[in-house]
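Observations on the three-dimensional arrangement
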Amino acid sequence: MTPLFPSWRHALGGMRMAIGPDTPRRMALQRRLLACLLLGVVYGLAARVGLAYSSLAPNVTLIWAPTGISLFAVLRWGPGLWPGIVIGDLLANATTGAPLWAILGISAGNVLQSLACAWALRALGFQDGLDRVRDVVALLSLGTAGAALSATIGPAALLLAGSFEPGMIQSVWLQWLMGDATGVVVLTPLLLAWWRP
C-alpha cells in the first residue's frame, strides 16, 4: 500500500526516475554547471570589492581582480567556463544602474578577453606551471594586451548607455585597461602558482 504522504526518499527516487539515470555525460554537465556557478559567485564577489573603489563611473575601477580570476579559470579548466564570467558580471553590475544590455556588453568584452588571451597563450605553447621565463613573459604581455579588448568593449557599452560623458572616454578606457591588466598581472600568476594540478 502506498502511503498518502510519501517520504522524501520516495519522492526523490521518483524524481530521479522521471529525470533519468545518472549518466557520465549528465554528471559531466552537472559538474560544468556547478563550476560555472562557482566561478560566477567568486567573480561576482571579487567584482563587488573592486567596484567599491570605482571613480570615473559606477562600473569603472583601477582594481579588477575578476580578470585575473577568469583567465586563471579558463587556463586551468578550459573555455567552457565562460558562462561563469557572464554570471559574475550580472551579479557584480546588477546594482550599478547600467541597463542589462550594457552589462551584457561589458560581459562580452570580459569573456572575449579571457578566451582570446587563453587561446593566444596556448598557441604559444604556454605551460601553466610558470616554470619557464617565456611563460611568465607571455602571460604578462598577452594578459596586458588582452585587457585592451575588454577596455574597448566595456566602456563603449557604458558610453552608449549614457553612464558617462563622451569626453571621458579616454580616461575611462585607460582606467579600465589598467584595472584589467593589473588583475591579470598580479592575480593570474599567483593563482596558477598556488593551484597546481
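Residues numbered from 1 in each chain as written. Predicted model: local features only at pLDDT ≥ 70, side-chain atom pairs only at ≥ 80, totals over all residues. Heavy atoms only, no water.

1. Some points on a nonpolar patch on the surface
As a reminder, the rule being used: Only residues above 30% relative accessible area that lack a salt bridge enter a patch, with like-charged residues linked at up to 9 Å and the nonpolar side chains Val, Leu, Ile, Met, Phe, Trp and Tyr linked at up to 5 Å. Values of accessible area rely on a 1.4 Å probe in the Shrake-Rupley scheme; residue burial ignores everything except the protein chains shown. Take a side-chain nitrogen of Lys or Arg and a carboxyl oxygen of Asp or Glu: if they are within 4 Å of each other, that pair is a salt bridge. Numbered from the N terminus, helices here are DSSP runs of H or I no shorter than four residues, and strands are runs of E no shorter than two.
Nonpolar side chains collect at one region of the surface, where V49, Y53, L62, I63, W173, L174 and M178 lie side by side and expose about 670 Å² of accessible area between them. Considering every element that reaches the nonpolar patch, the biggest residue donor is helix α7 (residues 169–194), with three residues.

2. Some details on unusual backbone geometry
To be explicit about the condition: Each residue is placed in one exposure class: buried if its accessible area under a 1.4 Å probe, protein chains only, is under 20% of its type's maximum, exposed if it is over 50%, and partly exposed if it falls in between.
Even without being a glycine, L130 presents a positive backbone phi close to 55 degrees. Mapped onto the secondary structure, L130 falls in the loop between α5 (100–123) and α6 (133–161). Overall, L130 belongs to the buried group, its relative accessible area being 17%.

3. Some words on the pattern of salt bridges
In this structure the tally under the stated criterion is three salt bridges. The salt bridge partner of R76 is D128, with a shortest N-O separation of 3.2 Å. Here R76 is found in helix α3 (residues 65–77), whereas its partner D128 is found in the loop between α5 and α6, with 52 residues between them in sequence. Two residues, R122 and D128, come together in a salt bridge whose shortest N-O distance is 3.0 Å. Here R122 falls in the partly exposed class, since its relative accessible area comes to 38%. Via salt bridges that share partners, R76, R122 and D128 belong to a single interconnected network.

4. Let's talk about the confidence of the model for the protein chain
Heads up, the rule is: As a per-residue measure, pLDDT reflects the predictor's confidence and takes values from 0 up to 100. What makes two residues a contact is simply this: any of their non-hydrogen atoms within 4.5 Å.
Model confidence for the protein chain is summarised by a mean pLDDT of 85, while 86% of its residues fall at 70 or above. Mean pLDDT per element in the protein chain: helix α1 (residues 8–19) is the minimum at 45, and α5 is the maximum at 95. Within the model, pLDDT remains below 50 along residues 3–18, and this stretch shows two contacts once partners closer than five positions in the same chain are excluded.

5. Observations concerning the nonpolar core
We apply this condition: By nonpolar core we mean a set of buried residues, namely Ala, Val, Leu, Ile, Met, Phe, Trp, Tyr and Cys, connected to one another through side-chain atoms within 4.5 Å.
Counting 28 residues, the largest nonpolar core has L71, L75, L121, F126, L139 and L192 as its most contacted members. Counting only elements with at least two residues in this core, the list comes to α2 (24–51), α3, α4 (82–93), α5, α6 and α7. Apart from residues lying up to four places away in sequence, L192 is in contact with F72, L75, R76, F126, D128, L130 and L139. Grouped together as the second largest cluster of nonpolar side chains are 14 residues, V60, A98, I106 and A151 included.

6. Quick word on the packing of aromatic side chains
Under the convention used in this document: Between the rings of Phe, Tyr and Trp (Trp by its six-membered ring), a pair exists once the centres lie within 6.5 Å; its type follows the angle of the planes, with under 30 degrees stacked, over 60 edge-to-face, and the other angles tilted.
Tallied over the full model, the rule gives five aromatic pairs. Taking 6.4 Å as the distance between ring centres and 85 degrees as the angle between the ring planes, the aromatic pair formed by Y43 and W64 counts as edge-to-face. Placement of Y43 in helix α2 and of W64 in the loop between α2 and α3 is noted, with a sequence separation of 21 residues between them. W64 shares its class with Y43; the two are buried. Look at W77 and W195: their rings are 5.2 Å apart centre to centre, the planes differ by 85 degrees, and that puts the pair in the edge-to-face class. Taken as a pair, W77 in helix α3 and W195 in the segment after α7 lie far apart in primary sequence, 118 residues in all. Residue classification places W195 among the partly exposed residues on the basis of a relative accessible area of 41%. Ring pairing ties together the aromatic residues F72, W77, W194 and W195, which thus form one cluster.

7. Considerations on the packing of α2 against α3
When two helices pack together, their arrangement is given by the angle between their axes and by how far apart the axes lie. Short version of the rule: For every element, the axis is a line fit to its C-alpha atoms; helices are fit only across the contacting stretch, and the angle between N-to-C directions ranges from 0 to 180 degrees. Note that the term roughly parallel is reserved for angles under 35 degrees, roughly antiparallel for angles over 145, roughly perpendicular for angles of 65 to 115, and oblique for everything else. Left-handed describes a crossing in which the near helix is turned anticlockwise from the far one by less than a right angle; the clockwise case is right-handed. We call Asp, Glu, Lys and Arg charged. Ala, Val, Leu, Ile, Met, Phe, Trp, Tyr, Cys and Pro are nonpolar, and the rest, Gly among them, are polar.
Between α2 and α3, whose axes approach to 8 Å, the crossing angle comes to 160 degrees. Considering the angle they form, α2 stands roughly antiparallel to α3. Here the hand of the crossing between α2 and α3 comes out right-handed. Packed against α2, whose contacting residues are R32, L39, V42, Y43, A46 and A47, the element α3 presents A65, P66, I69, S70, A73 and W77 at the interface. Its residues placed into classes, the contact of α2 with α3 shows 10 nonpolar, one polar and one charged.

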